[in-house]
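Residue-level listing of the chains:
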Amino acid sequence: MKVHLKTLGCRLNEAELETWAQAFQKSGHQITRQAEVANLIVINSCAVTQDAARKSRQLIRRTHRDNPQAKLIISGCYATLNHEEVAQQMGVDMIVSNKDKNRLVEKTLTELNMDAMPAMSTEPGEFSLFTRGRQRAFVKVQDGCRFRCTFCIVTVARGEEISRPVQAIIDEINTLHRQGLNEVILTGVHLGGYGSDLGNNLSGLIKAVLTQTHIPRLRLGSLEPWEFSEDFFELFLNPRLMPHLHLPLQSGSDSVLRRMARRCKTEEFAAIVSRLRWQIPHFNITTDIIAGFPGETEQEWQESFNFIKQTGFGHIHIFTYSRREGTKAATLPNQLSNDIKKQRSQQLHELANEMKMKFCRDNVGCEFPVLWEGYNEPYAVGKKLVFGYTPNYLRAGCVINADESIENLTLNCIITAAEENYVFAKISVPSLNANKPVHNPA
Ligand code: SF4
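Residues numbered from 1 in each chain as written. Predicted model: local features only at pLDDT ≥ 70, side-chain atom pairs only at ≥ 80, totals over all residues. Heavy atoms only, no water.

> How do you make sense of the confidence of the model for the protein when you look at a structure like this?
In low-pLDDT segments, the atomic positions of the prediction should not be examined closely. When pLDDT is averaged across the protein, the result is 90; 92% of the residues are at 70 or more. Contacts of residues 120-126 to residues separated by more than four positions or lying in other chains number 10 contacts, the stretch itself having pLDDT below 50. Confidence drops under pLDDT 50 across residues 431-442; counting only partners more than four residues distant or on other chains, this segment forms 22 contacts. (pLDDT = per-residue confidence, 0-100. Contact = heavy atoms within 4.5 Å.)

Pasting the structure below:
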């Protein structure tokens, strides 16, 4: 049968999609990018905000309307938190809540009698990620979170912390590498909590991956800025561990952080950042900030804005606070007006763009091994602009001949200029095993 997979939301949802894709293929079924030809469609939904829940509802409706014949499976946080509502939606054949996600493929094949469907031979090497146009894989290493940040619904939807055994993660990464992948991202709901239920920790896992696999590039997903073991920082001296961390700060005001029940003060955050930057030049720190958290006074906003400006970030995901039923913050007094929230979010976007451009400019002249991806844009007659990422997670663009491909190759490049949404890169060593030697227009 033909299976189509869709996801909304976080990288963990993306990682789960990859695990399901591989499991369906192992059972002899084919992954298709086209929902309209699929016999079975799985949606991994999201409920991190009211807006995300609305988008999940819309996606379910649209998917059923576009292919009413297909069996429709809904999983993820929206389905877990709104089971009844989803069950009443047109065309939904099965709901798999977060706690049963590991058994989604087995439940689908048995309970929906889908294993009677004819197995379709998958093309040799038709690796599902490439089938889905990806050059890196998110690898889920843990689920759940024991903390209770007051704005967060995820901890409610995903439950207690549970870590995958180290060997299972090693085996998955070795399989992905054998299938031609050069980069994996370790991801979880609370990645820093990895091993809390196994007597291990994230540093232990990273060391195991670096010694028991040959994956060239290892990245870490979003990581709460607390709980780092003493040996965590020196791990980045290994060039296979990418010098980029996404550390959600959420606010630069300590009194707001207290109302959020965050476990990190601004002083501690600043110490982590300076230690990483001191150790690895051009280390990229990106973050999440909530603008307009309940009760955020003008003074707290200024404190936050100044701390963010002083710290400097390669990129900021800005969330304008929106009330989320089921969270403590939704019940806090002094909810701000939309005008104030919008105004602060706008100010932060301007600052974030300035800081991003500064970080890009600071990397001009540097040489990095860039992992090139499949996505490209027309550039000039007979030329195309291809994209990839540097180790410190700068999006790089490079012009090559339209009939050439450097997809999934890692090539040394010099950063020559900073553009609005990427840095320009010049391949410094002609690629030996690309389809044809690459010439730069410079
Ligand atoms: S640590 Fe992260 S996942 Fe856990 S409650 Fe806080 S924001 Fe949510």
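> Sorry, what's going on with the environment of V370 here?
Looking at where V370 falls in the secondary structure, it is placed in strand β13 (residues 367-380). In sequence terms V370 and Y389 are 19 residues apart; their C-alpha atoms lie 5.4 Å from each other. Apart from the residues within four sequence positions on either side, V370 is in contact with R217, G388, Y389, T390, A396, L409, T410, L411 and C413. (Helix = DSSP H or I, 4+ residues; strand = E, 2+ residues; numbered from the N terminus.)

> Hey, could you run me through the pairing of strand β15 (residues 395-401) in this one?
On a regular strand, one side chain projects to one face of the sheet and the next to the other, so that they alternate. Of all 7 residues that make up β15, 6 are buried, and the element is covered over most of its length. When strand β14 (residues 383-389) meets β15, the two strands line up antiparallel, connected through 7 bridges. Each bridged residue has a counterpart across the sheet, and for L385 the counterpart in β15 is V399. Sheet analysis places β15 next to strand β17 (residues 423-427), joined by 2 bridges and oriented parallel. (Buried < 20%, exposed > 50% of the residue type's maximum accessible area, 1.4 Å probe, protein only. Pairing = 2+ DSSP bridges.)

> Help me out: how do you make sense of the nonpolar core in this one?
L186, I206, L220 and F232 are the most contacted members of the largest nonpolar core, which has 65 residues in total. Sorting elements by how many residues they give to this core places helix α9 (residues 202-212) first, with 6 residues. When residues are assigned to domains, this core turns out to be shared by domain 2 (134-242) and domain 3 (251-362), each giving three or more. Excluding anything up to four places from it in sequence, L220 contacts I185, L186, L191, I206, F232, F236, L241 and L245. Grouped together as the second largest cluster of nonpolar side chains are 19 residues, F359, C366, A396 and C398 included. (Core = buried A, V, L, I, M, F, W, Y, C linked by side-chain atoms within 4.5 Å. Domains from an automatic or database assignment.)

> Just checking my understanding: could you explain unusual backbone geometry for this structure?
If a residue is not glycine, its phi is most likely negative; likewise, a peptide bond is most likely trans. In this structure, A261 is a non-glycine residue whose phi angle is positive, near 60 degrees. Tracing the backbone shows A261 in the loop between α10 (254-259) and α11 (266-279). With a relative accessible area of 29%, A261 lands in the partly exposed category. In this structure, H282 takes a positive phi of about 65 degrees despite not being glycine. Counting through the fold element by element, H282 comes out in the loop between α11 and β11 (284-291).

> Before we go on, may I ask you to explain the sheet that holds strand β2 (residues 30-31) in this structure?
Strand pairing in a sheet is mediated by backbone hydrogen bonds. Such pairs are either parallel or antiparallel. Here 5 strands make up an open sheet; going across it, the order is β2-β1-β3-β4-β5 and the pairing parallel. On the outer flanks of this sheet lie β2 and β5 (92-96), each paired with one strand and no other. Here 4 bridges tie strand β4 (residues 71-76) to β5, and the two strands are oriented parallel to one another. Along β5, the bridge assignment pairs I73 with M94. Its contacts with the sheet place helix α2 (residues 50-66) against β1 (2-7), β3 (40-45), β4 and β5, and it is angled at close to 170 degrees to β3. (Axes fitted to C-alpha atoms, helices over the stretch in contact; angles between N-to-C directions.)

> Is there a simple way to explain the domain arrangement of the protein in this structure?
Frequently, the measure chosen for interface size is the accessible area removed from exposure when the parts meet. Here the domain parsing of the protein yields domain 1 (2-111), domain 2 (134-242), domain 3 (251-362) and domain 4 (367-434). Using only C-alpha atoms to locate each centre, domain 1 and domain 3 end up separated by 33 Å. Each partner contributes residues to the interface: domain 1 has 5 residues there, and domain 3 has 4 residues. In total, about 350 Å² of surface goes out of reach between domain 1 and domain 3, with carbon and sulfur atoms giving 37% of it. Its largest share of buried area at the contact with domain 3, domain 1 owes to A47, T49 and Q50, together 80% of the area lost on that side. Across the domain 1-domain 3 interface, the total number found is 0 salt bridges. The tally of links between domain 1 and domain 3 comes to 2 residue pairs in polar contact (both at pLDDT 80 or more). Taken together, the residues of the side of domain 1 that touches domain 3 break down into 3 nonpolar, 2 polar and no charged. (Buried area = accessible area lost by both parts, 1.4 Å probe. Salt bridge = Lys/Arg side-chain N within 4 Å of Asp/Glu carboxyl O. Polar contact = N/O pair within 3.5 Å; in protein donor to acceptor, adjacent residues only side chain to side chain. Nonpolar A, V, L, I, M, F, W, Y, C, P; charged D, E, K, R; others polar.)

> For this particular structure, what's the right way to read the packing of aromatic side chains?
Aromatic ring pairs are reported here in terms of the distance separating the ring centres and the angle at which the planes meet. A full pass over the atoms with the stated rule returns 14 aromatic pairs. Their ring planes at 10 degrees and their centres at 4.8 Å tell us that F228 and F232 sit as a pair that is stacked. Where F269 meets F307, the ring centres are 6.4 Å apart and the plane angle is 70 degrees; that geometry is what we call edge-to-face. Within this pair, whereas F269 is found in helix α11, its partner F307 is found in helix α12 (residues 298-311), the two being separated by 38 residues in sequence. Linked through ring pairs, F228, F232, F233, F236 and F283 together constitute an aromatic cluster. (Phe/Tyr/Trp six-rings, centres within 6.5 Å; stacked < 30°, edge-to-face > 60°.)

> Hey, could you run me through the pattern of salt bridges in this one?
When charged atoms on two side chains of opposite charge get close, those side chains can pair. Taken as a whole, this structure holds 27 salt bridges when the rule is applied. Linking R146 and E227 is a salt bridge whose minimum nitrogen-to-oxygen distance equals 2.3 Å. Taken together, the residues R146 in the loop between β6 (136-143) and α7 (154-158) and E227 in the loop between β9 (217-220) and β10 (244-246) connect sequence positions 81 residues apart. Here R146 falls in the partly exposed class, since its relative accessible area comes to 38%. Ionic pairing is found between E230 and R275, a salt bridge with its closest N-O pair at 2.9 Å. Here E230 is found in the loop between β9 and β10, whereas its partner R275 is found in helix α11, with 45 residues between them in sequence. When salt bridges with common partners are traced through the structure, they connect E16, K101, K140, D143 and R158 into a single cluster.

> In this structure, what is going on with the pairing of β17? I would like to understand it.
The element β17 is largely enclosed, with a buried count of 4 among its 5 residues. Relative to β17, strand β16 (residues 410-418) runs antiparallel, the two being bridged by 5 bridges. Of the residues in β17, the one forming a bridge with A417 is F424. Taking the residues that link successive antiparallel strands as the turn, the β16-β17 hairpin has 4 residues.

> Mind showing me how you'd approach helix α5 (residues 104-111) here?
In an α-helix, one full turn covers 3.6 residues, which means residues spaced three or four apart are oriented alike. All of the buried residues along α5 are L104, V105, K107, T108 and L109. Looking at the buried residues of α5, the elements they touch are α1 (11-26), β3, β4 and β5.

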